[in-house]
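# Architecture at a glance
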Amino acid sequence: MRVAIFGATGMLGKALLGQWKDDDVIALGSAQADIRNPDQVNAVLGQAKPDWTVLAAAYTDVDGCEINPTLASAVNTHGALNVAKAAARVQSKLLFLSTDYVFDGKKGSPYEITDERRPINAYGKSKAEAEEKLTAILPDCCIVRTSWLFGPGGKCFPDTILRIAESRKAIEVVNDQRGCPTYTLDLADAIAKLCRLGSKGIIHCTNSGDCTWFELAQEIIRNAGLSTTVKPTTSDKYVRPAERPKYSVLSSASLNSYGIEMRSWQQTLTNYLAERSRSNAEIASSLSNRA
Ligand SMILES: NC(=O)c1ccc[n+]([C@@H]2O[C@H](COP(=O)([O-])OP(=O)(O)OC[C@H]3O[C@@H](n4cnc5c(N)ncnc54)[C@H](OP(=O)(O)O)[C@@H]3O)[C@@H](O)[C@H]2O)c1
């Protein structure tokens, strides 16, 4: 199978390249093709002629999208449509990465794939519009919604918490947003399986279990063996440009119907933190050898 990955330089993209071993993978960052430019997108897919195109490229800065909704729409909606049209032209299947932020967070029980999209911020709107319009171009495209990504090679919540905790005795973290943390390596494995299985339609794909950002921070600090106190707070005390859904837990039923089960977010966090401290130790030792 030949697979073209847009967004290969991003956090998930790097995990896809690392995990996806058995197929012929073509890695594309914005230097190879800016998805806002249909000619560039047509040229790379015309040359690659992939069986599958995985679209992980996006403008992912949620507050940045709120401040610059024109850019959010240009990359996340129109860029996605450029990729879909080019994929259709070379008869490639498409797997599009989307988000829990297509929902408003008012449901209070896990979101199913049949639940109506009701985004409350510009990032969510740009992704929700892409989802709707992609299906018109490629009715069989696969839309994988995921959430709260963490992993190596990107800016992620565990890294931020550990960096802040180094210099503070106590930190405050919001306890009124609930979602599903997801390890990029696990998601990458699931995406490769979904492509091999010829999946189509909307699929919710996250690690299992859910928590608030406060509960996640507590687990990070506990796991790292730090003594920093984590205190719960509320979103209204930390006003940011974009509103976040209060509850964006995604039901795993659609993923399970493909025979794929995901580990708990606690297990994956333990893996990630162990891997992170191993690679930090390796960097420290190679620096001391060089000195
Ligand atoms: N992070 C999360 O918590 C989260 C949650 C739910 C869903 N998702 C979705 O999962 C996917 C992967 O997210 P991520 O966190 O791995 O993203 P990321 O680390 O922010 O990486 C973004 C990727 O998009 C590429 N990109 C940005 N603008 C582009 C453009 N105009 N043309 C071509 N490529 C462009 C970047 O390429 P360059 O670096 O080469 O510029 C980079 O490879 C995204 O679709 C995102 O919406 C993420």
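Scope of this entry: the structure provided in the associated data block. (Residues numbered from 1 in each chain as written. Predicted model: local features only at pLDDT ≥ 70, side-chain atom pairs only at ≥ 80, totals over all residues. Heavy atoms only, no water.)

### Some words on the overall build of the protein
Along the protein, the regular secondary structure elements total 10 helices and 12 strands. The C-alpha radius of gyration of the protein comes to 19 Å, within 12% of the 19 Å expected for a compact globule of 291 residues. Put simply, of all contacts in the protein between residues at least 6 apart along the chain, 81% involve residues at least 24 apart. Only carbon and sulfur atoms are counted for the fraction: they give 50% of the accessible area of the protein, which is about 13600 Å². Side-chain charges in the protein split into 34 positive and 32 negative, and the spacing between the mean points of these groups amounts to 3 Å. (Helix = DSSP H or I, 4+ residues; strand = E, 2+ residues; numbered from the N terminus. Rg over C-alpha atoms; globule rule 2.2 N^0.38 Å. Contact = heavy atoms within 4.5 Å. Areas by Shrake-Rupley, 256 points an atom, 1.4 Å probe, with all protein chains shown as cover. Lys, Arg positive; Asp, Glu negative; His and termini not counted. Charge placed at Lys NZ, Arg CZ, Asp CG, Glu CD.)

### A closer look at the site of the ligand
The full set close to the ligand counts 25 residues, and T9, L12, S30, T60 and Y123 are the nearest of them. The backbone of M11 places a nitrogen or oxygen atom 2.9 Å from an oxygen atom of the ligand. Contact between the ligand and T60: an oxygen atom at 2.6 Å from a side-chain N or O atom of the residue. When isolated, the ligand has an accessible area of 910 Å², and the protein chains bury 80% of it. Contributing elements (two or more residues each) for the shell around the ligand: helix 1 (11–19), strand 4 (93–99) and helix 5 (122–137). (Near = heavy atom within 4 Å. Polar contact = N/O pair within 3.5 Å; in protein donor to acceptor, adjacent residues only side chain to side chain.)

### Considering the nonpolar core
The nonpolar side chains of a soluble globular protein tend to be buried with one another. By size, the foremost hydrophobic cluster in this structure holds 30 residues, and its most contacted members are I161, V173, L216, I220, V230 and L269. The biggest single contributor to this core is helix 8 (residues 213–223), with six residues. (Core = buried A, V, L, I, M, F, W, Y, C linked by side-chain atoms within 4.5 Å. Buried < 20%, exposed > 50% of the residue type's maximum accessible area, 1.4 Å probe, protein only.)

### Some points on the packing of aromatic side chains
Counted according to the given criterion, the structure contains seven aromatic pairs. A centroid spacing of 4.8 Å and a plane angle of 50° characterise the contact between F157 and W213, whose relative ring orientation is tilted. With F157 in helix 6 (residues 157–167) and W213 in helix 8, this residue pair connects regions lying 56 residues apart in the sequence. Given the relative accessible area of 15%, W213 is considered buried. (Phe/Tyr/Trp six-rings, centres within 6.5 Å; stacked < 30°, edge-to-face > 60°.)

### Digging into the packing of helix 2 (residues 38–48) against helix 4 (residues 69–89)
In the contact formed by helix 2 and helix 4, the axes pass within 9 Å of each other and the chain directions differ by 35°. The two elements helix 2 and helix 4 cross, and the hand of that crossing is right-handed. Across from P38, V41, N42 and L45 in helix 2, the residues of helix 4 making contact are N82, V83, A86, A87 and R89. Taken together, the residues of the contact of helix 2 with helix 4 sort by class into six nonpolar, two polar and one charged. (Axes fitted to C-alpha atoms, helices over the stretch in contact; angles between N-to-C directions. Left-handed = near helix turned anticlockwise from the far one by under 90°. Nonpolar A, V, L, I, M, F, W, Y, C, P; charged D, E, K, R; others polar.)

### Comments concerning the side chain of Q177
Structurally, Q177 can be placed in the loop between strand 7 (170–174) and strand 8 (178–179). In terms of polar contacts, Q177 uses its side chain to reach the side chain of W213, at 3.0 Å. Within the structure, the side chain of Q177 is placed 3.1 Å from the side chain of S235, a separation counted as a polar contact. Those residues within four positions of Q177 in sequence are excluded, and the remaining contacts are W148, C211, T212, W213, S235, R244, P245 and K246.

### Some points on the environment of S254
Tracing the chain through its elements places S254 in helix 9 (residues 253–256). Of the residues examined, S254 reaches a relative accessible area of 11% and is grouped as buried. Apart from the residues within four sequence positions on either side, S254 is in contact with I113, I202, I203 and H204. Looking at S254, its side chain comes within polar contact range of the main-chain nitrogen of H204, at 2.9 Å.

### Side note on helix 6
Taken as a whole, helix 6 has its buried residues at P158, D159, I161, L162 and A165. Looking straight down helix 6, one finds its buried side chains confined to an arc of 165°; they lie on one side. Of the residues in helix 6, the exposed ones pointing more than 90 degrees away from the buried face are R163 and S167. (Arc of directions from axis to C-beta.)

### So, the sheet that holds strand 1 (residues 2–6)
Pairing in this open sheet of six strands is parallel, and the strands run 2-1-3-4-5-10 from one edge to the other. Where the open sheet ends on each side, the last strands, each with one partner, are strand 2 (24–28) and strand 10 (201–204). Neighbouring strand axes in the sheet, compared pairwise and without regard to direction, differ in orientation by 20° on average. Bridging between strand 5 (residues 142–146) and strand 10 involves four bridges; their strand directions are parallel. Residue pairing in the sheet places R145 in a bridge with H204 of strand 10. (Pairing = 2+ DSSP bridges.)

That is the geometry; function is a separate question.
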